[in-house]
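Coordinate inspection notes
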Number of protein chains: 2
Amino acid sequence: MNKQQLVEQIKQKKTFLCVGLDTDIKKIPQHLLSADDPILAFNKQIIDATAPYCIAYKPNLAFYESMGVKGWISFEKTIEYLNSNYPNHFIIADAKRGDIGNTSAMYARTFFEQMNIDSLTVAPYMGEDSVTPFLNYEGKWVILLALTSNKGSHNFQLTADADGERLFEKVLRTSQQWGDSNNMMYVVGATQGRMFEDIRRIVPNHFLLVPGIGAQGGSLEEVCTYGLNSECGLIVNSSRAIIYADNSEQFATAAAAEAHKVQQQMAIELQKKGII
Amino acid sequence: MNKQQLVEQIKQKKTFLCVGLDTDIKKIPQHLLSADDPILAFNKQIIDATAPYCIAYKPNLAFYESMGVKGWISFEKTIEYLNSNYPNHFIIADAKRGDIGNTSAMYARTFFEQMNIDSLTVAPYMGEDSVTPFLNYEGKWVILLALTSNKGSHNFQLTADADGERLFEKVLRTSQQWGDSNNMMYVVGATQGRMFEDIRRIVPNHFLLVPGIGAQGGSLEEVCTYGLNSECGLIVNSSRAIIYADNSEQFATAAAAEAHKVQQQMAIELQKKGII
């Protein structure tokens, strides 16, 4: 999916919500455990229920890998289900990969060619040749970690060099030599508040993937105040608050209601900014 | 495997070689392609042939993930084979993971508890809470990326802060508050030459995992001159130069010969340093 198509979806559906498919066998409703593939059964119902209110889905690979081979089957089938039934939803594999060039090239083939996933989160520590193999695919995206939502983001990401440039700023600036706002996005945690201002100074036109709303404590309103640009430029993720809104047989209806609530807040923000 | 057991293996076998199982279906000998699981068949023969000359195996997850579910089956079976037949070999899952705390905790359970792997490579960008969940397992290790072997290592890892401390040095120093030389190692590329001196100043007692010998151009002698400590303190990896030494039905014999050659060089280095 290219940038224009993504912006089109956002305007049409009045939402920039991404639903995080952090599906944990220990947290899904009991009655699903008798299904052939409980993870897939859960995901399908969550997807069907929330699709009108979001423009993206983000399975976090760790949740699937933690179940070994079975988990990979659930992951692949979830992607197939999305590709077959919801081709207008943007798919983010939250994998946080990053390795030497030839290895990153293998990851790119796996996620982009074989699985037809739109985008992949990538860690920047290993630099240019760990990122560029992902940039040669039309309509596919790297989402580079910049300023993450967790406490540990303070350990290294905020370290300033001799000129006062902090590491996350250097990542933003340097990586613009590798790609542009048509094939790169950045992860910026919703918990980072006014830092969005600093980020928008460096990457005014890029999309930002924003985790940390809900369970992690970030505020949607604050993120929008400092992060929205004229094309929206934000994909805001919520995982636990939506997919585990309820643990009964009505879990999907409850997830839809939560997603709808966020969508309505997002519509207000988009209107305030004159985007819709 | 704890540090004492690892050092014991190194002294007994006079080697600190790790064989990298970067197994690529496109590069393995033709005659294996008719096997049920060609990747596993290749790995088993490579392992049987090289086991006397190395103390560790390091499958790079990317090579297995690139084959989807099939690849994960090959990976899990390779680990089972190692655990059943070579319990004294140290297993490194080269996964370069790193995510927020609860996600890292899931990875730790997968690799350490379920698969009984000794160690996992982890990217430091997300900081403390992305690393510490891996440190609570007796005899298990985090191998944190510090100074990698690739060209892109220059983009961020060498950036100095206002006090002149470079990012990889900050990673080494800061992470010592999270663990110690009994549960942490660091990745330092063989291509980094005299930087090993700087690294040994900060982490004199830690083991370093050193990729980049062979195909990537690093020199074993140089690495040893600057990197060896009194307990050896190095695990040097070679992948392509060993496992693809030959492409015929004699591939395993050829791999053994290459591994043996490296082992002999390592024995000399260990003697020079008075470790054996």
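On a predicted model such as this, the values are computed, not experimentally measured, just so you know.

**Section: the overall build of chain A**
Of the regular secondary structure elements, chain A holds 12 helices and 8 strands. C-alpha atoms of chain A, sized along the principal axes, occupy 60 × 45 × 35 Å. For chain A, buried positions account for 64% of its 276 residues. Pairs at least 24 apart in sequence give 73% of the contacts found in chain A among residues at least 6 apart. Surface exposure of chain A reaches about 9800 Å², of which carbon and sulfur atoms provide 45%. Computing the positive centroid from 25 side-chain charges and the negative centroid from 30, chain A places the two 3 Å apart.

**Quick notes on the interface of chain A and chain B**
Residue-level contacts link 56 residues of chain A with 56 residues of chain B. Together, the buried faces of chain A and chain B total about 4800 Å²; carbon and sulfur atoms form 60% of this surface. Taken together, the connections running from chain A to chain B amount to 4 salt bridges. Taking the shortest distance from any N to any O, the salt bridge between Lys 96 of chain B and Asp 99 of chain A comes out at 2.9 Å. At the boundary of chain A with chain B, the tally comes to 24 residue pairs in polar contact (both at pLDDT 80 or more).

**Structural notes on the packing of aromatic side chains**
A complete count under the given rule lists 21 aromatic pairs over all chains for this structure. Through a chain of ring-to-ring contacts, three or more aromatic side chains come together here, namely Tyr 64, Trp 72 and Phe 75 of chain A together with Tyr 64, Trp 72 and Phe 75 of chain B.

**Brief notes about the side chain of Ser 153 of chain B**
With respect to the helices and strands, the residue Ser 153 of chain B is situated in helix 7 (residues 153-156). On the basis of relative accessible area, Ser 153 of chain B is assigned to the buried category, the value being 0%. Among the polar contacts listed, one links the side chain of Ser 153 of chain B to the backbone oxygen of Asn 150 of chain B, at a separation of 2.7 Å. The contacts of Ser 153 of chain B, once residues within four sequence positions are left out, are Met 126 of chain A together with Thr 148, Leu 158 and Gln 192 of chain B.

**Remarks on the relation of the copies chain A and chain B**
Superposition of chain A onto chain B requires a rotation of 180 degrees combined with a translation of 0.0 Å along the rotation axis, giving an RMSD of 0.0 Å. Taken together, the rotation angle and the small translation identify this as a two-fold axis. Comparing contact sets, 100% of the residues at the interface of chain A also lie at the interface in chain B, consistent with an isologous, same-surface contact.

**Topic: the packing of helix 2 (residues 38-50) of chain A against helix 4 (residues 68-85) of chain A**
If you want to describe how two helices pack, look at the angle between their axes and the distance between the axes. All names here are of chain A. Between helix 2 and helix 4, the least distance of the axes is 9 Å, while the angle of their chain directions is 25 degrees. Taken together, the axes of helix 2 and helix 4 are roughly parallel relative to one another. Here helix 2 runs over helix 4; the crossing is right-handed. Only Ser 74, Lys 77, Thr 78, Tyr 81 and Leu 82 of helix 4 make contact with helix 2, whose side of the interface consists of Ile 39, Leu 40, Asn 43, Lys 44, Ile 47 and Asp 48. Class assignment for the residues of the contact of helix 2 with helix 4 results in 5 nonpolar, 3 polar and 3 charged.

**As for the pattern of salt bridges**
All names here are of chain B. Within the structure shown, the criterion is met by 28 salt bridges over all chains. A salt bridge links Arg 166 to Asp 198; the nearest nitrogen and oxygen atoms lie 3.1 Å apart. Residue Arg 166 is found in the loop between helix 7 and helix 8 (167-175), and its partner Asp 198 is found in helix 9 (residues 195-202); the two are separated by 32 residues along the sequence. When its relative accessible area of 17% is taken as the criterion, Asp 198 is described as buried.

Cut-offs and rules
- Residues numbered from 1 in each chain as written.
- Chains lettered and ligands numbered in written order.
- Predicted model: local features only at pLDDT ≥ 70, side-chain atom pairs only at ≥ 80, totals over all residues.
- Heavy atoms only, no water.
- Helix = DSSP H or I, 4+ residues; strand = E, 2+ residues; numbered from the N terminus.
- Buried < 20%, exposed > 50% of the residue type's maximum accessible area, 1.4 Å probe, protein only.
- Contact = heavy atoms within 4.5 Å.
- Areas by Shrake-Rupley, 256 points an atom, 1.4 Å probe, with all protein chains shown as cover.
- Lys, Arg positive; Asp, Glu negative; His and termini not counted.
- Charge placed at Lys NZ, Arg CZ, Asp CG, Glu CD.
- Buried area = accessible area lost by both parts, 1.4 Å probe.
- Salt bridge = Lys/Arg side-chain N within 4 Å of Asp/Glu carboxyl O.
- Polar contact = N/O pair within 3.5 Å; in protein donor to acceptor, adjacent residues only side chain to side chain.
- Phe/Tyr/Trp six-rings, centres within 6.5 Å; stacked < 30°, edge-to-face > 60°.
- Least-squares fit on C-alpha atoms with pLDDT ≥ 70 in both.
- Axes fitted to C-alpha atoms, helices over the stretch in contact; angles between N-to-C directions.
- Parallel < 35°, antiparallel > 145°, perpendicular 65-115°, else oblique.
- Left-handed = near helix turned anticlockwise from the far one by under 90°.
- Nonpolar A, V, L, I, M, F, W, Y, C, P; charged D, E, K, R; others polar.

This is a description of form; function is not addressed.
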